[in-house]
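Chain and residue survey
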Amino acid sequence: MELLERDDALAQLLGALAEARSGHGMLAVVGGEAGIGKTSLVRRLTQEAGEARVLWGGCDDLAVPRPLGPFHDMAASGAARVGAHLGDGDRSGIFAAVMAELGERAPTVCVIEDAHWADIATIDVLTFVARRIADVPALVVVTVREDELAADHPLRRALGAAPGAHSRRLSLSRLSADAVRRLAGRGDAARLYGLTAGNPFLVTEMLSAGHGGGTPGGVRDAVLSRVARLGAGARHALEVVSVIPARAERDLLDAVAGDAAPTLAECEAVGLLVSEPGAVRFRHELARLAVEETLPGSRRIELNRLVLRALETCDADPARLAHHAERAEDPAAVTRHGLRAARAAARAASHREASALYRRVLAHGAPLPDTERAEVLDEASEQAYHANEPDRATETRERAVGLRRALGEPRALCMSLVGLSRTRWWIGDRVGSEAAADEAVAVVRELPPTRELARAESNLSQLLMLTQRDAEAIAWGERALTLARSLDDTEVIVHAMTNVGTSLMRTDYDAGRDTLERAIVLGRDAGLVDHVCRAMINVAWDAIEFGRHAEGRALAERGLAYSREHEMWGYADYLVTMLARVEMTMGAWDAARARLDGLLEGSGFQFVVGRIPALEVLGLVGLRRGDARAARHLDDAWELARETRELQRLRPIACARGEAGWLAGDAAAVDAATAETYELALERGHAWDLGELAVWRHRAGLLQTPPPGCAEPYALEMAGDWRAAAEWWGRLEAPYARAVAQLAGDDPAALTEALEVLDGLGATATAALARARLRELGVARVPRGPRPGTRANPAGLSARQLEIARLAAQGLTNPQIAARLVLSDRTVEHHVAAAVGKLGVADRTGIAAALRAHGAEAGGATAPT
């Protein structure tokens, strides 16, 4: 069949191949719906690639994807370096091996097909390669069904990792009516186009079925009409192939289909199957599903059992065995192969796939002895936790704890309880977390000193640190450190040092930070990625909390880079919220909100504590700008913060709600928002906790003098020295805080200066107070501020989104915009997509008209906020 309307796409791929041939590696993403012709296009590329070496691997639509599936395919076809590292759990070895294969010969074309079905380990490798693609003479082509890729799918991060100059994105369109007419010949082209909407696969199926203009039943009937032409033997062989996703090896078919195997040629003749070296496959996945779905349930089970038995004799990939075991409804095989597959996925850091496999074992597998079942539940919980499935992790760990209690295994019970304490904290259940932590220590306290006791004591130290009971946290942490050092247990040492260092920073900043930095180095050397991420987050958080905004921002950027490098996306998302928070403090309100675009709506961001600072930023910026949605954001944040019982979560939201009362001139509302948290700060807060709460109460007339020990800029304002307080905030690069401190004075010049800052930030609610204060002082000509039409950008665009939208409207490409604004291509792509969505247009070609309609085209009336 002729490859129609793909000349431009093929030319782009051949151009990328030419770049790779000259030593400039490229990543090409070929996207489109199922049946759009992605595989046909890439196969044509490899046919025209001349001397290029081709590595081809695919991701399969298994119940749970096999870890590193495409690289198993490549190893089987000659990528020996990759094959040597599969299954050993050595991520760095796999990364290096793939890069070595890509650099072996110029050029190499590496195809990863159907990446929307990729496991996390495959995505990790793809991310690693994408970031370094410029260093190898290779073209990496990734095909993906764009409509099956959720906004928060981790593959999106991998595809965005390549440098802009070394990546290409192709989105294949459906065939035009003219193209369908050329294919249809004398058939009813209009009816065929109407039935298929120009999807190349559907068009081809309809035509090959011999119905010309198509049939009302669509593709399923078109496929089955071909099946009807087959003899009994060929139909039997086709049914066997239909229960085997991706490709069926000929040896496997010989074992399962027996005498029917030779009839596969008949299936190829009618266009249902295509041959590959040593295997056959359906010409399209839609066709395979159409055949499989027609099988009666008992027949489908029987065929999967036959396939399972044949695969067991050749020690096939455990994920593949687990898939057929589940389809065969064989509980013992589900357990046997599912556990092997789950543990292999865990070693490969494919936590999402490991969690799914454990879930299937527990739901469909054979009953296990209690001891083994408890072990499996603990393993399943750990993988669910790393997969950012905290509710499932908690429920699973609770079942493990119940079994451990009944079994009377104190050391194992201790570790299960430590895990339960962590996952309960992750979902915001502070009471449950503390109960599990206390029990974990209690069950091993009377035993000889062990690693379990050290880990339980360090966990207790962590919870105390989080509630700012710092003396107790340090004491428990030092106990855990002493025991861990005697046992030479590096993991517990790093965990405990992180707790001690975080608490110590609140009383001795430099000593605490030094402890955390030593924990980071020790953890990095030991490969303890999770613990390193936690230490990096804590040192950045405390720096920001203590007013060291620029320092804290740099530390958070370091943590974000490390967490992204190691694909620790839960931590990365949390660090994004921290950066948004400090950027808000430093006056970059639009940048702060842009960081959070889509984050809270993503199903992957389930870390309850991490949602609080995100809601704080959205709520405070909205409150100050008069956004009616602000109160809802702050109310949601308060409900989450209350469940944590942690001052570091409660204080920022109490202050934000207090600010809302202050802006409304409602002292009672300020009191209601801050009174309880202020008492907690007096009991255990650090200087900056105490100062921020106190100053809002002072501004509302609820507190006359600064409490002892509060941070200096707050104390200065409460003592009446608003000028010194404003100077402090200026040195800390906090323009809004500086302007609000100036509002406490009676100097028209300082108030006018504050008003200019507030207008520049778009803080209309706070600016209204500044104008009122100037009028009280008798200033005759109070600046009017921005015109109503300039207070908000069209459709809620941020200043950066408006800037980029205007450049896109002028016809600039994403790389051109990125170069002009010194941004990454990925950032520009994100902002263009956000602008398209907010303006309500179909794609970037509609941006110009939408901006004109809002009067916001370049040089128009609307100004950035």
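The sections below set out a description of the structure shown in this document. (Residues numbered from 1 in each chain as written. Predicted model: local features only at pLDDT ≥ 70, side-chain atom pairs only at ≥ 80, totals over all residues. Heavy atoms only, no water.)

Spatial strand order, S2-S3-S4-S1-S5: five strands in an open sheet with parallel pairing. For this open sheet the edge positions go to strand S2 (53–58) and strand S5 (167–171), each flanked by a neighbour on one side alone. Pairs of neighbouring strands in the sheet enclose a mean axial angle of 15 degrees, with direction left out of account. Across five bridges, strand S3 (residues 108–113) lies against strand S4 (residues 138–144) in parallel orientation. (Pairing = 2+ DSSP bridges. Helix = DSSP H or I, 4+ residues; strand = E, 2+ residues; numbered from the N terminus. Axes fitted to C-alpha atoms, helices over the stretch in contact; angles between N-to-C directions.)

To continue, consider helix H10 (residues 200–208). Of all the nine residues making up H10, eight are buried; the element is thus mostly covered by neighbouring parts of the structure. Regarding H10, the residues found buried are Pro 200, Phe 201, Leu 202, Val 203, Thr 204, Glu 205, Met 206 and Leu 207. For H10, the N-terminal capping position is held by Asn 199, with its side-chain oxygen 3.1 Å away from the main-chain nitrogen of Phe 201. (Buried < 20%, exposed > 50% of the residue type's maximum accessible area, 1.4 Å probe, protein only. Polar contact = N/O pair within 3.5 Å; in protein donor to acceptor, adjacent residues only side chain to side chain.)

The next subject is the pattern of salt bridges. Under the counting rule described, the total for this entry stands at 66 salt bridges. Note that Asp 60 is salt-bridged to Arg 66, the shortest N-O span being 3.1 Å. Each of the two residues, Asp 60 as well as Arg 66, counts as buried. As a salt-bridge pair, Arg 649 and Glu 646 come within 2.9 Å of each other at their nearest N and O atoms. Of the two residues examined, Arg 649 and Glu 646, each falls in the buried class. Members of the salt-bridge network, linked through shared partners, are Glu 545, Arg 581, Glu 616, Arg 651, Asp 689 and Glu 692. (Salt bridge = Lys/Arg side-chain N within 4 Å of Asp/Glu carboxyl O.)

Our focus in this paragraph is unusual backbone geometry. The omega angle of the peptide bond from Ala 106 to Pro 107 is -10 degrees, so this bond is cis rather than trans. Tracing the sequence through the fold places Pro 107 in the loop between helix H5 (91–103) and S3. Of note in the backbone geometry, Gln 468 takes a positive phi value of approximately 65 degrees without being a glycine. With respect to the secondary-structure elements, Gln 468 resides in the loop between helix H24 (451–466) and helix H25 (470–487). Here Gln 468 falls in the buried class, since its relative accessible area comes to 3%.

Strand pairing in a sheet relies on backbone hydrogen bonds. The paired strands run either parallel or antiparallel. The strand order across the open sheet built from three strands is S6-S8-S7, with neighbouring strands paired in antiparallel fashion. Of all strands in the sheet, those with a lone pairing partner are strand S6 (248–249) and strand S7 (273–276), marking the two edges. Bridging between S7 and strand S8 (residues 279–282) involves four bridges; their strand directions are antiparallel. Bridge pairing in S8 places Ser 275 opposite Val 280. Contacting S6, S7 and S8, helix H12 (residues 232–242) crosses the sheet at an angle of about 85 degrees to S8. (Contact = heavy atoms within 4.5 Å.)

The buried fraction of S4 is high, at seven of seven residues. In the sheet, strand S1 (residues 26–31) pairs with S4 via six bridges, with the strands oriented parallel. Its bridge partner lying in S4, Gly 31 is registered against Val 144. The β-α-β motif built from S3, the intervening helix H6 (residues 120–131) and the parallel element S4 has right-handed crossover chirality. (Right-handed = clockwise from strand over helix to strand, strands pointing away.)

With that out of the way, let us pick up the packing of helix H16 (residues 297–312) against helix H17 (residues 318–327). One way to put it is that H16 packs onto H17 with a least axis distance of 8 Å and a crossing angle of 150 degrees. With respect to their mutual orientation, H16 and H17 come out roughly antiparallel. The two elements H16 and H17 cross, and the hand of that crossing is left-handed. Here Ile 301, Asn 304, Val 307, Leu 308, Leu 311 and Glu 312 of H16 come into contact with H17, specifically with Arg 320, Leu 321, His 324, Ala 325 and Arg 327. Its residues placed into classes, the contact of H16 with H17 shows six nonpolar, two polar and three charged. (Parallel < 35°, antiparallel > 145°, perpendicular 65-115°, else oblique. Left-handed = near helix turned anticlockwise from the far one by under 90°. Nonpolar A, V, L, I, M, F, W, Y, C, P; charged D, E, K, R; others polar.)

Turning to the packing of H25 against helix H26 (residues 490–505), a few remarks are in order. Running from N to C, H25 and H26 cross one another at 155 degrees; their axes reach a closest spacing of 9 Å. With respect to each other, H25 and H26 are oriented roughly antiparallel. Handedness of the crossing formed by H25 with H26: left-handed. Seen from H25, the contacting residues are Asp 470, Ala 473, Ile 474, Gly 477, Glu 478, Ala 480, Leu 481, Ala 484 and Arg 485; seen from H26, they are Val 492, Ile 493, Ala 496, Met 497, Val 500, Ser 503 and Leu 504.

What follows concerns the packing of aromatic side chains. The final tally for this structure, using the stated rule, is 11 aromatic pairs. Taking the centre distance of 5.9 Å and the plane angle of 75 degrees together, the rings of Trp 688 and Tyr 714 count as edge-to-face. Pair noted here: Trp 688 is in helix H36 (residues 687–699) and Tyr 714 is in helix H37 (residues 712–718), with a separation of 26 residues, a long-range link. For the pair shown, Trp 688 and Tyr 714 are each scored as buried. A network of ring pairs unites the aromatic residues Tyr 385, Trp 425, Trp 426 and Tyr 571 as a single cluster. Here Arg 699 stacks its cationic end above the ring of Trp 696, 4.5 Å away from the centre of that ring. (Phe/Tyr/Trp six-rings, centres within 6.5 Å; stacked < 30°, edge-to-face > 60°. Lys NZ or Arg CZ within 6 Å of the ring centre and 35° of its normal.)

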